[in-house]
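Okay, here's what each chain looks like letter by letter:
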Amino acid sequence: MKLSVCYIVFNGERIIEKSIRSIHEIADEIIVVDSFSTDKTEEICTGFPKVKFIRKKFYGFGCQKNYTLSEASGEWILFLDSDEVPDAEAVNAIKEILQNPSPPYNVYEIHFNNILLKKTIKYGGWGNVWRERFFKKGHGKYTDDLVHECFITQDKKGKLPGNIDHYTYKSIAHHIEKINNYTQLMAEKKISNGKTVSIFKIIFSPFFDFMKTYFFKLGFLDGMAGFYISVTGAFYTFLKYIKINEILKFK
């Protein structure tokens, strides 16, 4: 078996059908590990014959991804989120590597097109994003972090042609909901690592993050979307630190 495409998902009905269709032809199996979705995710996924659908309680992004890897049988892994769609160039590049008996790399980074408010974001730190999503099994794994897990490998990385189109959030309300969930996980992660937070950091870090994203990383060139990203990024920082303070205060 050559290629296992892996997903971890919770309520991913919005884009996952489009994502699976984009890779269905080249996949030998598709592993979907679902954290008990309440929408049509299961119905959509199980409509594809190559999908192996597994329900598993969520204990953190890193742990969930590593469990998914353990369920994959393929020689190669393509790891996607439910809102990510590889374009035709990326799919063709993966197909060529799968057909190559001696590819030059065992781990490949893929460029991301982050799409927000129907706009592909080019600045503010969102435009030049590469992530390790295509790799030979056994040549990498994820840290066991609750959130913002990292891919660990000893291999030199290649760059895959093409892009993954990342349809980030369906609405502002959806984005704010995600910020609330992620900052809670980040606060718990920081505390478990022994981190504390000062009043100075709570007050001034959001301001510095806004300045960095909007001005130093040229977020203003993305217009209103760039301003929105800069403001919500600062809000993310504020919420993360104030939640750390709250948890420590009542611990």
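Everything quoted here is computed from the prediction, not taken from an experiment.

Procedures and definitions
- Residues numbered from 1 in each chain as written.
- Predicted model: local features only at pLDDT ≥ 70, side-chain atom pairs only at ≥ 80, totals over all residues.
- Heavy atoms only, no water.
- Helix = DSSP H or I, 4+ residues; strand = E, 2+ residues; numbered from the N terminus.
- Contact = heavy atoms within 4.5 Å.
- Polar contact = N/O pair within 3.5 Å; in protein donor to acceptor, adjacent residues only side chain to side chain.
- Domains from an automatic or database assignment.
- Buried area = accessible area lost by both parts, 1.4 Å probe.
- Axes fitted to C-alpha atoms, helices over the stretch in contact; angles between N-to-C directions.
- Parallel < 35°, antiparallel > 145°, perpendicular 65-115°, else oblique.
- Left-handed = near helix turned anticlockwise from the far one by under 90°.
- Nonpolar A, V, L, I, M, F, W, Y, C, P; charged D, E, K, R; others polar.
- Pairing = 2+ DSSP bridges.
- UniProt positions renumbered as here; feature names shortened; annotations may be inferred.
- Buried < 20%, exposed > 50% of the residue type's maximum accessible area, 1.4 Å probe, protein only.

Caption draft 1: Quick peek at the environment of serine 19. Relative to the helices and strands, serine 19 is located in helix H1 (residues 16-23). Beyond its immediate stretch of four places on either side in the chain, serine 19 contacts Tyr7, Leu80, Asp81, Ser82, Glu84 and Val85. At a separation of 2.7 Å, a polar atom in the side chain of serine 19 contacts the side chain of tyrosine 7.

Caption draft 2: Fine view of the domain arrangement of the protein. Once the domains are mapped, the protein shows domain 1 (3-166) and domain 2 (172-250). Each of domain 1 and domain 2 has a C-alpha centre, and these two points are 26 Å apart. Taken together, the 17 residues of domain 1 in the interface contact 17 residues of domain 2. Between domain 1 and domain 2, a total of about 1,500 Å² is buried, with carbon and sulfur atoms accounting for 74% of that surface.

Caption draft 3: How the structure looks around the packing of helix H6 (residues 199-216) against helix H7 (residues 223-249). Contact geometry for H6 and H7: axes closest at 8 Å, N-to-C directions at 160°. Between H6 and H7, the angle is such that the two are roughly antiparallel. Considering only the axes of H6 and H7, their crossing is right-handed. Judged by residue contacts, Lys201, Ile202, Ser205, Pro206, Asp209, Phe210, Thr213 and Tyr214 of H6 engage Gly226, Phe227, Ile229, Ser230, Val231, Ala234, Thr237, Phe238, Tyr241, Ile242 and Asn245 from H7. Residues that form the contact of H6 with H7 fall into these classes: eleven nonpolar, six polar and two charged.

Caption draft 4: Structural view of the packing of helix H5 (residues 172-192) against H7. Here H5 crosses H7 at 40°, and the two axes come no closer than 8 Å. The pairing of H5 with H7 is recorded here as oblique in orientation. Crossing hand, H5 versus H7: right-handed. Of the residues in H7, those in contact with Ile172, His175, Ile179, Asn180, Tyr182, Thr183, Gln184, Met186, Ala187, Glu188, Lys190 and Ile191 of H5 are Tyr228, Thr232, Phe235, Tyr236, Leu239, Lys240, Lys243, Ile244, Ile247 and Leu248. Its residues placed into classes, the contact of H5 with H7 shows 13 nonpolar, five polar and four charged.

Caption draft 5: Focus on the pairing of strand E11 (residues 157-167). In the sheet, strand E5 (residues 84-86) pairs with E11 via three bridges, with the strands oriented antiparallel. Note that in E11 the partner of proline 86 across the bridge is isoleucine 164. When strand E6 (residues 107-116) meets E11, the two strands line up parallel, connected through nine bridges. Paired with tyrosine 108 across the bridge in E11 is glycine 158.

Caption draft 6: Examining the UniProt feature "domain: Glycosyltransferase 2-like" (unreviewed entry) in the protein more closely. Taking the UniProt record as the reference, the feature "domain: Glycosyltransferase 2-like" (unreviewed entry) is found at residues 4-115. Taken end to end, residues 4-115 is 32% helix and 31% strand, and its first and last C-alpha atoms sit 26 Å apart.

Caption draft 7: Structural detail: unusual backbone geometry. Although it is not a glycine, leucine 117 adopts a positive phi angle of roughly 55°. For leucine 117, the position within the fold is in the loop between E6 and strand E7 (119-120). Look at histidine 148: it is not a glycine, yet its phi comes out positive at around 55°. Along the polypeptide, histidine 148 turns up in the loop between strand E9 (141-142) and strand E10 (151-152). A residue is classified by how much of its surface remains accessible, and histidine 148, at 41% relative accessible area, is partly exposed.

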